[in-house]
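Report on the structure
Listed below are the residues making up each chain.
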Amino acid sequence: MGSIMSESQILFFILTSIVIILTPGQDMVLVMSRGITQGSNAGVVTAAGVSTGLLGHTALAGFGLGALLMASEALFTILKYIGAAYLVYLGLRLLLSQVNRMEVGDIDPVPLNKLFYVGALSNLSNPKITIFYFAFLPQFVPANIQNPTLVILMLGASFSLLTLLIKAPIGYCSGLASAWIRSRLAIIRVINRLSGTVLIGLGLRLAFEQRQ
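This text gives an overview of the structure that appears in the document. (Residues numbered from 1 in each chain as written. Predicted model: local features only at pLDDT ≥ 70, side-chain atom pairs only at ≥ 80, totals over all residues. Heavy atoms only, no water.)

1. Let's talk about the overall build of the protein
Broken down by element type, the protein carries nine helices and zero strands. If you list the helices and strands of the protein from N to C, you get α-α-α-α-α-α-α-α-α. In the protein, buried positions account for 44% of the 212 residues. When contacts within the protein are restricted to residue pairs at least 6 apart in sequence, those whose partners lie at least 24 apart make up 87%. Element-wise, carbon and sulfur atoms account for 67% of the exposed surface of the protein, whose accessible area totals about 10,700 Å². (Helix = DSSP H or I, 4+ residues; strand = E, 2+ residues; numbered from the N terminus. Buried < 20%, exposed > 50% of the residue type's maximum accessible area, 1.4 Å probe, protein only. Contact = heavy atoms within 4.5 Å. Areas by Shrake-Rupley, 256 points an atom, 1.4 Å probe, with all protein chains shown as cover.)

Shown next as structure tokens:
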């Protein structure tokens, strides 16, 4: 990816991806829930499943967006504003959210060998992730690139790997520190505010992005 994107672009992609991955959401709650209720190994396996599910969204976004970005200026502009609006919407929801407790829920135990599939299916069945990929990944595709599909596939795979590297330790630690996690709502609030600000910034950046 280094020959396609500059070092500053790669760094920006990694930093924003980390913030987004840390944002509390369906996948994060699932990983932490399994870690808290079934132990550290369950949290790690669930995180691996969630990360693998992202590869399905990567393929859909890669081939769909790759063709779209090469099709026409009008389609590119429509996608750009839809994506920008969605990112700003997500950011505002996080900024305005109120966290009163850590909602991990009461979930039924699942055998360890099935947790991987549960994580993957939970991720694949979430249409919001597909929309997010369509909004997020195009911002890092260099102008006039001849093969945007390849770049998007590489970005999506990288996001999936970062997700595993971040959420697997979170799932593991959730099993070790269940009570501590439940009592530290202030940390969740800070993450929500930071993530919301980043998402709004990304949305505005995308809205004013000009196709070269």
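Following the structure, the description resumes.
2. Quick look at the packing of aromatic side chains
One pass over the full model with this rule turns up seven aromatic pairs. Ring centres 6.0 Å apart and planes at 25° place the aromatic pair Phe-13 and Phe-136 in the stacked group. Here the residue Phe-13 occupies a position in helix 1 (residues 7–22), and Phe-136 occupies one in helix 6 (residues 127–136), the gap between them amounting to 123 residues. You can call Phe-13 buried: its relative accessible area is 2%. The class for Phe-136 is buried, based on a relative accessible area of 0%. Pairing Phe-136 with Phe-159 gives two aromatic rings, centres 6.0 Å apart and planes at 65°, and the pair type is edge-to-face. Of this pair, Phe-136 sits in helix 6 while Phe-159 is found in helix 7 (residues 148–176), placing the two residues 23 residues apart along the sequence. Three or more aromatic residues joined by ring pairs make a cluster, and in this case those are Phe-12, Phe-13, Tyr-133, Phe-136, Phe-140 and Phe-159. (Phe/Tyr/Trp six-rings, centres within 6.5 Å; stacked < 30°, edge-to-face > 60°.)

3. Regarding the nonpolar core
Formed by 25 residues in total, the largest nonpolar core has its most connected members in Phe-13, Phe-132, Tyr-133, Phe-136, Leu-137, Leu-155 and Phe-159. Those elements giving two or more residues to this core turn out to be helix 1, helix 3 (40–71), helix 4 (73–96), helix 6, helix 7 and helix 9 (185–207). Ranked by residue count, the leading element in this core is helix 7, at six residues. When residues no more than four places from it in sequence are discounted, the contact partners of Phe-136 are Phe-13, Thr-16, Ser-17, Ile-20, Phe-159 and Leu-202. (Core = buried A, V, L, I, M, F, W, Y, C linked by side-chain atoms within 4.5 Å.)

4. Details of helix 5 (residues 112–124)
Across its 13 residues, helix 5 extends 19 Å between first and last C-alpha, which sits within 8% of the 18 Å expected from 1.5 Å per residue. Within helix 5 the residues assigned to the buried category are Leu-115, Gly-119, Ala-120, Ser-122 and Asn-123. One face of helix 5 carries all of its buried residues, which in axial projection span an arc of 165°. Opposite the buried face of helix 5, by more than 90 degrees, sit the exposed residues Asn-113, Tyr-117 and Leu-121. (Expected span 1.5 Å × (residues − 1). Arc of directions from axis to C-beta.)

5. With respect to a nonpolar patch on the surface
A cluster of nonpolar side chains, contributed by Tyr-117, Leu-121 and Leu-124, occupies part of the molecular surface with about 340 Å² of accessible area. When its relative accessible area of 53% is taken as the criterion, Tyr-117 is described as exposed. (Patch = residues over 30% accessible without salt bridge, like charges linked within 9 Å, V, L, I, M, F, W, Y side chains within 5 Å. Salt bridge = Lys/Arg side-chain N within 4 Å of Asp/Glu carboxyl O.)

6. Overview of the environment of Pro-148
Residue placement: Pro-148 occurs in helix 7. Sequence separation between Pro-148 and Phe-63 is 85 residues; the distance between their C-alpha atoms is 8.9 Å.

7. Re the side chain of Lys-167
Looking at the secondary structure, you find Lys-167 in helix 7. Once residues lying within four places of it in the same chain are set aside, the contact partners of Lys-167 are Ile-21, Asp-27, Met-28, Val-31 and Ala-47.

8. Brief notes about helix 2 (residues 26–38)
Its 13 residues give helix 2 an end-to-end C-alpha distance of 18 Å, which sits within 8% of 18 Å, the value for a rise of 1.5 Å per residue. Among all positions of helix 2, only Asp-27, Met-28, Leu-30, Val-31, Met-32, Ser-33, Arg-34, Gly-35 and Ile-36 are buried. Backbone geometry just after helix 2 places Gly-39 at a positive phi near 110°.

9. Looking at the packing of helix 6 against helix 7
Axis separation between helix 6 and helix 7 bottoms out at 11 Å; the angle between their running directions is 125°. The orientation of helix 6 with respect to helix 7, classified from their angle, is oblique. Once helix 6 is placed against helix 7, the crossing between them reads as right-handed. Together, Phe-132, Tyr-133 and Phe-136 of helix 6 and Gly-156, Phe-159 and Ser-160 of helix 7 make up the contact between the two elements. Among the residues making up the contact of helix 6 with helix 7, the classes are represented as four nonpolar, two polar and no charged. (Axes fitted to C-alpha atoms, helices over the stretch in contact; angles between N-to-C directions. Parallel < 35°, antiparallel > 145°, perpendicular 65-115°, else oblique. Left-handed = near helix turned anticlockwise from the far one by under 90°. Nonpolar A, V, L, I, M, F, W, Y, C, P; charged D, E, K, R; others polar.)

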